[in-house]
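The residues making up each chain are set out below.
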Amino acid sequence: MTHDDETRLLASLQRGLFIGGEWVDAEGGATFPVTDPATGRTLIEIADATPADGIRALDAAVAAQEEWAATPPRTRSDILRRAFDLVQERKEDLALLMTLEMGKPLAEARGEVAYGGEFLRWFSEEAVRISGRYGLNPEGTGRMVVTQRPVGPSFFITPWNFPLAMATRKIAPALAAGCTVVVKPAALTPLTTVLFVQILQEAGLPAGVVNVVNSTSSSAVAAPIIADPRLRKLSFTGSTPVGKKLIEQAAEGVLRVSMELGGNAPFVVFEDADLDKAVDGAMLAKFRNIGQACTAANRFIVHAAVAEEFADRLTERVASMTIGRGTEEGVQIGPLIDDKAVAKTGELVADAVSRGATVRTGGSAIAGEGSFFEPTVVTEVAAGSDILREEIFGPVLAIATFEDEDEAVRLANDTEYGLVSYVFTQDLARGHRMIDRLETGMMGLNVGVVSNAAAPFGGVKQSGVGREGGLEGIHEYLSTKYTLIPVD
């Protein structure tokens, strides 16, 4: 990708809010800059929505709801399928834009385009499969009709780390079900959502069905939308503390909620594991998206018999990783999202070292422009270290050890989170025991990446409620209605 490619792409983007099918200025004309985390420089400035703009967007979604719900499923399906095709046509633009505003290497950004696009294809197929049932009640006095109806206007708050996939994972099932939506993308990475909505326009989406309010004042814009009695659904991906506050706000209107919150994923390596596969899986599970993923392996829990060899192999791989701006050829580690993320990552490493941990490679922020932190391996991490309790969200791999299966399970489950876990063992029976014993909503058995549009994504405990993707994903946007027809 050249500088001319970047300039052309940024010049093609709309700069406003998308409300009722039109690109409009924010109230008062306010804007904010979107920054390249690899350089610290401003990419472009876009409209900065006010609370009043948020209500305007909800007005548009409410106005479009009845007609969109009545739109034939095949028509909704066709629009989503056209959007999928257009995403494939624009995959290089989408990948470059994600790299510019978020920092991930282009190779990974292309992977996100493929992954994010699959939600459009999957739910285009699910739109025509919404079904109910019909039958005689047990008493023989009436016929029961059970139907599925769209929940109604929905509000989405999306995170910065997967700008396309987090938008498509929410928008696609909502549209397939017949719901209209308002989207508030993360202020750090709103541009990918802007380009995606331009693609939805091109795919023929009717005005008002999707509305976008970019804003630096997330809570101020979100609060009146959530409090509005016309809203029927709230979906959020982000931190657990913010999710708790949103659930509390949603309770007033008894809103349907989907919450994909924090993670603290254990990566358990047993003594019989295939270490080649375990090391490959660890590199994917830890360093994908520069470690900035809720599904990132956070705690490496390795049997003492293989811990040293596992650490040696990983250290060699990690020490050779190429760091730089994600647009550069061969880069494997891009910048963290901002300087605050760099500082937090450094604090976690420092705390672990203060408790006796050893830094095998990396361990420091990188001086110069941009928000870079060295890819890092830390071993001999003591119980109670912050790095084992908090979500790292950076390129730091922390290893602790265990002696037997029960201890591994206890350590893995010793967290309030329960999003995903990873287990490496060649013992099939043990693998099945881990499926039953580990308290997570997802698990990778001898694999380092689990996400798939056809699978239900979500966690247990304080990692959230609800599921996105899979057969389950569309039901988050449907309500069940039962009707009794008496038998004459």
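The structure this text deals with has already been given above.
No experiment lies behind these values; they were computed from the predicted model shown.

Thresholds, definitions, all that
Residues numbered from 1 in each chain as written. Predicted model: local features only at pLDDT ≥ 70, side-chain atom pairs only at ≥ 80, totals over all residues. Heavy atoms only, no water. Helix = DSSP H or I, 4+ residues; strand = E, 2+ residues; numbered from the N terminus. Rg over C-alpha atoms; globule rule 2.2 N^0.38 Å. Buried < 20%, exposed > 50% of the residue type's maximum accessible area, 1.4 Å probe, protein only. Contact = heavy atoms within 4.5 Å. Areas by Shrake-Rupley, 256 points an atom, 1.4 Å probe, with all protein chains shown as cover. Pairing = 2+ DSSP bridges. Axes fitted to C-alpha atoms, helices over the stretch in contact; angles between N-to-C directions. Phe/Tyr/Trp six-rings, centres within 6.5 Å; stacked < 30°, edge-to-face > 60°. Parallel < 35°, antiparallel > 145°, perpendicular 65-115°, else oblique. Left-handed = near helix turned anticlockwise from the far one by under 90°. Nonpolar A, V, L, I, M, F, W, Y, C, P; charged D, E, K, R; others polar. 1 Å grid on protein atoms, 1.4 Å probe; cavity = no way out; pocket = protein on both sides within 12 Å on 5 of 7 lines; lining within 4 Å. Points joined across faces, edges and corners; volume = space filled by probe spheres on them. Salt bridge = Lys/Arg side-chain N within 4 Å of Asp/Glu carboxyl O.

Trainee: Would you mind going over the overall build of the chain with me for this structure?
Mentor: What the chain contains, in helices and strands, is 16 helices and 24 strands. A compact globule built from 488 residues should have a C-alpha radius of gyration of about 23 Å, and the chain, at 23 Å, falls within 12% of that. If you line up the chain on its principal axes, its C-alpha atoms span 75 × 65 × 40 Å. Per-residue burial over the chain gives 57% buried out of 488 residues. Restricting the contact set of the chain to residue pairs at least 6 apart, pairs at least 24 apart contribute 74%. Of the roughly 19,000 Å² that the chain leaves accessible, carbon and sulfur atoms contribute 51%.

Trainee: Just to check I follow, could you spell out the sheet that holds strand β20 (residues 420–424) for this structure?
Mentor: Either a parallel or an antiparallel arrangement is found when strands of a sheet pair, and the pairing is made through backbone hydrogen bonds. The strand order β14-β17-β18-β13-β12-β20-β21 describes an open sheet built from 7 strands, whose pairing is mixed. Looking at which strands have only one partner, the edges of the open sheet turn out to be β14 (358–361) and β21 (442–445). In this sheet, neighbouring strand axes are inclined to one another by 25 degrees on average, regardless of whether the strands run parallel or antiparallel. The pairing of β14 with strand β17 (residues 376–379) spans 3 bridges and is antiparallel. In the strand pairing of β17, Val359 is matched with Val378. The sheet strands contacting helix α10 (residues 275–287) are β12 (265–269), β13 (297–303), β17, β18 (396–402) and β20, and the helix crosses β12 at an angle near 170 degrees.

Trainee: Sorry, what's going on with the packing of aromatic side chains here?
Mentor: Each pair of aromatic rings is reported with the distance of its centres and the angle of its planes. Throughout the structure, instances matching the rule amount to 9 aromatic pairs. The interplanar angle of 35 degrees and the centroid separation of 5.8 Å between the aromatic rings of Phe267 and Tyr422 together place this pair among those described as tilted. Linking Phe267 in strand β12 with Tyr422 in strand β20, this pair joins segments that are 155 residues apart in sequence. Taken as a pair, Phe267 and Tyr422 share a single burial class, namely buried. Centroid distance Phe267 to Phe424: 4.9 Å. Interplanar angle 25 degrees. Geometry classified as stacked. Here Phe424 lies in strand β20 and Phe267 lies in strand β12, a separation of 157 residues in the sequence. Taken as a pair, Phe267 and Phe424 share a single burial class, namely buried.

Trainee: Could you clarify how one ought to interpret the packing of helix α3 (residues 73–89) against helix α5 (residues 106–126) in this entry?
Mentor: For any two helices packed against each other, one specifies the inter-axial angle together with the distance between the axes. Closest axis-to-axis distance for the α3/α5 pair is 8 Å, and the angle between their directions is 160 degrees. In terms of orientation, α3 lies roughly antiparallel with respect to α5. Crossing geometry of α3 relative to α5 is assigned as left-handed. Contact with α3, carried on its side by Ser77, Leu80, Arg81, Ala83, Phe84, Val87 and Gln88, involves Val113, Gly117, Glu118, Leu120, Arg121, Phe123 and Ser124 of α5 and no other residues of that element. A breakdown of the residues in the contact of α3 with α5 according to their chemical character gives 7 nonpolar, 4 polar and 3 charged.

Trainee: Help me understand the layout of surface pockets in this model?
Mentor: By volume, the largest pocket is sized at about 1,200 Å³. Taken together, 38 residues make up the lining of the largest pocket; nearest its centre are Trp160, Phe236, Gly238, Ser239 and Val242. Of all the secondary structure elements, the ones that give two or more residues to the lining of the largest pocket are α8 (218–227), β10 (233–237), α9 (240–252) and α12 (339–354). At 6 residues, the largest contribution of residues to the lining of the largest pocket is made by α9. Residues belonging to the lining of the largest pocket are distributed by class as follows: 19 nonpolar, 11 polar and 8 charged. Its volume calculated, the second largest pocket comes out at about 440 Å³. Along the walls of the second largest pocket sit 24 residues, with Val381, Ala383, Leu388, Ala400 and Thr401 positioned nearest its centre. When grouped by side-chain class, the residues that make up the lining of the second largest pocket number 11 nonpolar, 5 polar and 8 charged.

Trainee: Whenever I open this one, the pattern of salt bridges confuses me. Can you help?
Mentor: Side chains that carry opposite charge are capable of pairing whenever their charged atoms lie near each other. All told, the structure shown has 33 salt bridges when counted by the stated rule. A salt bridge links Asp53 to Arg56, with the shortest nitrogen-to-oxygen separation between them at 2.6 Å. With Asp53 and Arg56 both in helix α2 (residues 51–70) and 3 residues apart, this pair spans about one turn of that helix. In this structure Asp53 comes out as buried when scored by relative accessible area, which is 0%. Note that Arg360 is salt-bridged to Glu308, the shortest N-O span being 2.9 Å. One end of the pair, Arg360, is in strand β14; the other, Glu308, is in helix α11 (residues 307–319), and 52 residues separate them in sequence.

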